[in-house]
Each structure stands twice: as C-alpha cells, then as structure tokens.
Amino acid sequence: MSKSKVGEDVYKKVEKVNAELFVLTYGSIVAQLCRDMSYEHVNEELEKMGYNIGIRLIEDFLARTEWQRCVDFRETAETVAKVGFKMFLNVTPVVTDWSEEDKTFTLTLDDNPLGEFVELPVEARSKLWYSNILCGVIRGTLEMVQMDVDAYFVHDILRGDEHTNLKVHLKQILKEEIPAGDD
C-alpha cells in the first residue's frame, strides 16, 4: 500500500478536532507568546512546544499505522510527508532538494493549515516563524526513532514567500540505548 494511501486511510479513521478551533487556539497561543517575549524567543518556545508534542505523537503514529522502521532517511522523509502530515494535518508536503549525501531535504507546503486566518504584523515578518512548532514536532518525532535532526523554516507564505519551505537535516543516527535498570 502506498504511503499516500496509508496517510489518507488513517486520516479518515482518526477522531478529528474542528480545524478552525485548532487554528484559532494555536493563533491565540502564538499571540500571547508575542506579547510576553521577543520574536526570537517565541520561535524558540514554539520549537520546544513542538518537540514535546513530537516525542509523544510518534507513539500515536506508530500505533495507528503499524509502520515498520524506515530503511533510510529518504524513506523517512516520504513517510513524514505522505503519512505523518496527512494523518495529523490533512496536508501532504512535497519532498524536494535532497543534498548529495541524502542528509538534507526540503518539505514544501503549498497550504499550511496553521497559517489560515493569519496576517503577521510588519515588524514580525522578518523575525517570527509563525509555524515553528512544526519544526519541533519533526525534531521530537524523529529523535524518538533514533534520528538526530535539525528542522527549520527557510520560506513562509506568511512572510510573503511563494511557498512555505521547511528544511530537515540529519545530523546523526542515534544509538538505541536501554535505560538503566531495564536490562
């Protein structure tokens, strides 16, 4: 079964939250953070929040899809895009711009559901990555399957760019370690 089909099938079965409520709630969190701290710190806080979500989201992903371990980083990228994003956000980014050593790729989102109903203030357009929570989710999720990655935005429709592009770079494959006392 193709990754796109798996993502679509799981999305149909998952209990859904009202999309507008989700987007507006996320927007109010970002707005409050912007009132409380600098845009640079908001980016860091959103990434941390996403990381904490990602380390828990992987369990739901694996339980619902019964997905087997990916054989390489390319397969991981396709799984994140076609199954993960589809399952949780009902969008399917395109995986492009692979580096020569297959350690970096770009996810291109033509439609970012977190950015609906949003217009960034002029002073925030060069500093705030509004959907930075997605970078954290990707980092946290992949860390739980032994991949140490950096994930960061390079373009955002909310900043006036044509597409929203997110880079993911594999720093290293982590060794599976058994927690102390679990041997």
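Presented here is a report on the structure given in the accompanying data block. Every value quoted in this text rests on a predicted model; they were computed, and no experiment measured them. (Residues numbered from 1 in each chain as written. Predicted model: local features only at pLDDT ≥ 70, side-chain atom pairs only at ≥ 80, totals over all residues. Heavy atoms only, no water.)

1. Things to note about the pairing of strand β2 (residues 104-109)
And then number 1: By the criterion of burial, β2 is predominantly enclosed, with 6 of the 6 residues buried.
And then number 2: Both faces of β2 are covered, namely the face carrying T104, T106 and T108 and the face carrying F105, L107 and L109.
And then number 3: Here 3 bridges tie strand β1 (residues 94-96) to β2, and the two strands are oriented antiparallel to one another. Along β2, the bridge assignment pairs V94 with T108.
And then number 4: The pairing of β2 with strand β4 (residues 164-173) spans 6 bridges and is classified as antiparallel. (Buried < 20%, exposed > 50% of the residue type's maximum accessible area, 1.4 Å probe, protein only. Helix = DSSP H or I, 4+ residues; strand = E, 2+ residues; numbered from the N terminus. Pairing = 2+ DSSP bridges.)

2. Considerations on a negative patch on the surface
And then number 1: Taken together, the side chains of E20, D110, D111, E116 and E162 present a region of like negative charge at the surface.
And then number 2: Looking at the secondary structure, you find D110 in the loop between β2 and α5 (133-144).
And then number 3: Classification of D110 as exposed rests on a relative accessible area of 54%. (Patch = residues over 30% accessible without salt bridge, like charges linked within 9 Å, V, L, I, M, F, W, Y side chains within 5 Å. Areas by Shrake-Rupley, 256 points an atom, 1.4 Å probe, with all protein chains shown as cover. Salt bridge = Lys/Arg side-chain N within 4 Å of Asp/Glu carboxyl O. Lys, Arg positive; Asp, Glu negative; His and termini not counted. Charge placed at Lys NZ, Arg CZ, Asp CG, Glu CD.)

3. Considerations on the packing of helix α4 (residues 73-89) against α5
Packed helix pairs are specified by the crossing angle of their axes together with the interaxial distance, meaning the distance between the axes.
And then number 1: Interhelical geometry of α4 versus α5 gives an angle of 125° and a closest axis separation of 12 Å. Here α5 runs oblique to α4, going by the angle between their axes. Both α4 and α5 take part in a crossing whose hand is right-handed. Side by side, α4 and α5 meet where F73, T76, V80, F85 and L89 of the first sit next to L134, I138 and L142 of the second.
And then number 2: Of the residues assigned to the contact of α4 with α5, the class counts are 7 nonpolar, 1 polar and no charged. (Axes fitted to C-alpha atoms, helices over the stretch in contact; angles between N-to-C directions. Parallel < 35°, antiparallel > 145°, perpendicular 65-115°, else oblique. Left-handed = near helix turned anticlockwise from the far one by under 90°. Contact = heavy atoms within 4.5 Å. Nonpolar A, V, L, I, M, F, W, Y, C, P; charged D, E, K, R; others polar.)

4. Examining the nonpolar core
And then number 1: In terms of nonpolar packing, the biggest core is built from 37 residues, with F73, F85, L107, L134, L166 and V168 touching the most fellow members.
And then number 2: Of all the secondary structure elements, the ones that give two or more residues to this core are α2 (19-36), α3 (39-65), α4, β2, α5, β3 (147-155) and β4.
And then number 3: Element by element, the count of residues in this core is highest for α4, at 6 residues.
And then number 4: Beyond its immediate chain neighbours, meaning those up to four positions away, F85 contacts V80, N90, V91, P93, L107, L109, L134 and I138. (Core = buried A, V, L, I, M, F, W, Y, C linked by side-chain atoms within 4.5 Å.)

5. Some details on the side chain of E47
And then number 1: Tracing the chain through its elements places E47 in helix α3.
And then number 2: What E47 contacts, discounting residues up to four positions off in sequence, is N132, C135, G136 and R139.

6. Structural notes on the sheet that holds β3
And then number 1: Spatial ordering of the open sheet is given by β1-β2-β4-β3, a layout of 4 strands whose pairing is antiparallel. A single partner strand is all that each edge strand has here, and the edge strands are β1 and β3. With strand direction ignored, the average angle separating the axes of adjacent strands in the sheet is 25°.
And then number 2: Packed on one face of the sheet, α4 meets β1, β2, β3 and β4 and runs near 20° to β2.
And then number 3: On top of the sheet, α5 reaches β2, β3 and β4; it is set at about 165° to β3, its chief contact.

By themselves, these observations are geometric and do not establish any function.
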